[in-house]
Every structure is written in structure tokens, then in C-alpha cells.
Amino acid sequence: MPEGHTIHRAARDQERDLARRPVVVSSPQGRFDAEALVDTDRRAYLARIEAFGKHLFYHFEPGGIVHVHLGLFGRFYRRRSPAPAPRSTTRMRLEGDAMTIDLIGPTACDVVTPGQMLAITARLGPDPLRADAQPRHFYAYVARSKTPIGAILLDQSRICGVGNVYRAEVLHLLGIHPETPGSALEPAQVKAMWRLVVGLLRRGVEEKRIVTTRGLRLGKPRERVSRAESTHVYGRTTCRTCEAEVLTYSLRARTVHYCGVCQPLVEAGGHADRKTPRRSCEPIQPSSARRHA
Ligand SMILES: [Zn+2]
């Protein structure tokens, strides 16, 4: 599933291609009610495109919003206009004078009212990529929650846009075990976590990929950092920081990757023993990684 940086980048790129002018809106597959938006020329004025976590909102004027969630299989295809005939599975086609965007396989693609949009965004936690994000909601939840921080980071109702790669890397960079209950973290750690997520996601938007390692430390420019070099623990068998084996287990049905040496489990009020991660958090399967999204 795409993480938040992919969705925000899609919003930015598609705005540049299509927004502030009329576009032809259609649903070749017929499963999306484009008729609700368009005039007799099948055109609608696309004012702006907004990302909120993993959700996209296309604001048409007058008064129509299209809500898109890519889910696991949704994808955008960008082509020069006039684009070739769409595939029959194209849920939504947005055709501008210069560029055409096809959307295939999303979990959601619906015309919603402003009230329905509000209901969707009200269920989401703060989005670190949005200027209007209110991290205090995240801080407050983490402080009172006994839920493992590894699960909180993937809970879109607590913080939105973080996926499996960023979760693994953020916890690693902060030296936090994924099973650590939220309430066991110091407020300063949680603030540092938010700042790190903001920084990494912003970088992901600019670079259109996830790189949490430092090119300088690898002795090469960032754009030449290979995929294998781009993370510390995610998708790896050994920890980039200490070379210990990367451990994995299933946390709420998603595989979490971490290093038991760099990220020891700290007992409440106690100190970490960096050499002996707690037994309950030892691996339940060998790290194989890359296929786990
Ligand atoms: Zn390590």
C-alpha cells in the first residue's frame, strides 16, 4: 500500500497537470458517477486536489468532490493528451488539454458531499504532511495508550500517512522497540518521533521514494543510493546500524521489522539491556522482507 508521501506527491503532480482548468471526467468502467460532476460537454472545472493521509479529494466547481483511496491495488497512469483509449477497468479518467490521468483498481472512488468528506477526515489522525496538522492529538493518545507504538504508528486514526516502511525505519532511528507501549515513552521521544516522521515523509514527497539512510555516510549522492541501501532494517536481513540479524514478527497482521540490539524493549521505569531483547519479542519467522509491504 502506498505510504502518505506517494499520495501527497500524486496530489501535487496531478494539480500541476490538471487543476485550475476544466477537465473531461469519465468512468470507462462505469462504476463511478462522473455524470454528477460534468456539464453537457462532459467537462468540470477542477479547482484543486487535496491529500489527507492516504486519501485524495478532487475539488470540482461548482460543488462536487471526488474521494479516492487507492487501497492495496489502486494505481494512477499518466499519459499525454490525447491519450489512447482507456482500459475497460479504468474507474476514472481525468482528461486535461496536456495530460490525462487514469485511475485503475482503487478501493474507493466516489462523489462525496462536503459533509461526507468531513466525516472521512474526522476519522483520521493528524497528517504530518499537512500544514494544518495538530500533533497534540497524537501526543495525547500515545501518552495514555498501552497499545504498542508499532501498532499506533500504522493506525490511521492516530497518525495518518505512515506505512510499514516508515514505521520500521522511524522506530529504528529512535532506538524504540515496536512493542513498547505508547504510555511508556517519554513525551520528548514522542515529539522527536513526530518531527522525524515529518522530515522523512517530506523527503519522500520530494524524492518520490523512501530513503532513510544518508547518502553522505554511504559515500554517494542520495539519488544514487540503491534500494538495498535505502533502509536500516526494513526489507533487510541484517541491521545496517549494527549488522545484527533483523527480526520480524506479525503485529496486527502486518510484519514489523526491527533490530533487537539497537531497539531493545525497555521495561516500564527500567533500563534497556541492549544485549538481551525480551523473549516474547523474538522472531516468529526469519526476516525475508521485501515482499512485505
Ligand atoms: Zn542494529
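Residues numbered from 1 in each chain as written. Predicted model: local features only at pLDDT ≥ 70, side-chain atom pairs only at ≥ 80, totals over all residues. Heavy atoms only, no water.

Enquirer: Explain helix α6 (residues 187-207) residue by residue, including any values.
Expert: Helix length check: α6 (21 residues) gives 30 Å between terminal C-alpha atoms against 30 Å at 1.5 Å per residue, within 8%. Restricting attention to buried positions, one finds in α6 the residues Val190, Met193, Trp194, Val197, Val198, Leu200, Leu201, Gly204 and Val205. Here the buried face of α6 lies against α1 (4-18), α3 (135-144), α4 (149-152) and α5 (164-174). Looking one or two residues beyond α6, the residue adopting positive phi is lysine 208, at roughly 60 degrees. (Helix = DSSP H or I, 4+ residues; strand = E, 2+ residues; numbered from the N terminus. Expected span 1.5 Å × (residues − 1). Buried < 20%, exposed > 50% of the residue type's maximum accessible area, 1.4 Å probe, protein only. Contact = heavy atoms within 4.5 Å.)

Enquirer: Could you give an account of the sheet that holds strand β6 (residues 90-95), naming the residues involved and the relevant values?
Expert: Read across the sheet, eight strands follow the order β5-β7-β6-β1-β2-β3-β4-β8 without closing on themselves; strand pairing throughout is antiparallel. Either end of the sheet is taken by a strand with one partner, and the two such strands are β5 (75-80) and β8 (108-112). Going across the sheet, the axis of each strand differs from the next one's by a mean of 30 degrees, ignoring polarity. Strand direction decides the pairing type here: strand β2 (residues 43-52) and strand β3 (residues 55-61), joined by seven bridges, are antiparallel. Looking across to β3, one finds that isoleucine 49 is bridged to tyrosine 58. (Pairing = 2+ DSSP bridges. Axes fitted to C-alpha atoms, helices over the stretch in contact; angles between N-to-C directions.)

Enquirer: For the pattern of salt bridges, give the residues involved together with the corresponding values.
Expert: Where charged atoms from two side chains of opposite charge approach closely, those side chains can pair. In total, this model carries 13 salt bridges according to the counting rule given. The salt bridge involving glutamate 50 is made with arginine 48; its shortest N-O contact spans 3.6 Å. The partner of arginine 130 in a salt bridge is aspartate 132, and the shortest N-O contact between them spans 2.9 Å. By sharing partners, the salt bridges in this structure join Arg9, Asp13, Arg16, Asp17, Arg78 and Lys208 into a single network. (Salt bridge = Lys/Arg side-chain N within 4 Å of Asp/Glu carboxyl O.)

Enquirer: Kindly report on the coordination of the zinc ion, identifying the contributing residues and their values.
Expert: The protein atoms that coordinate the zinc ion are Cys239 (SG), Cys242 (SG), Cys259 (SG) and Cys262 (SG), at distances spanning 2.2 to 2.4 Å. In this structure cysteine 262 comes out as buried when scored by relative accessible area, which is 11%. (Donors = N, O, S within 2.8 Å, 3.2 Å for Na, K, Ca; no water.)

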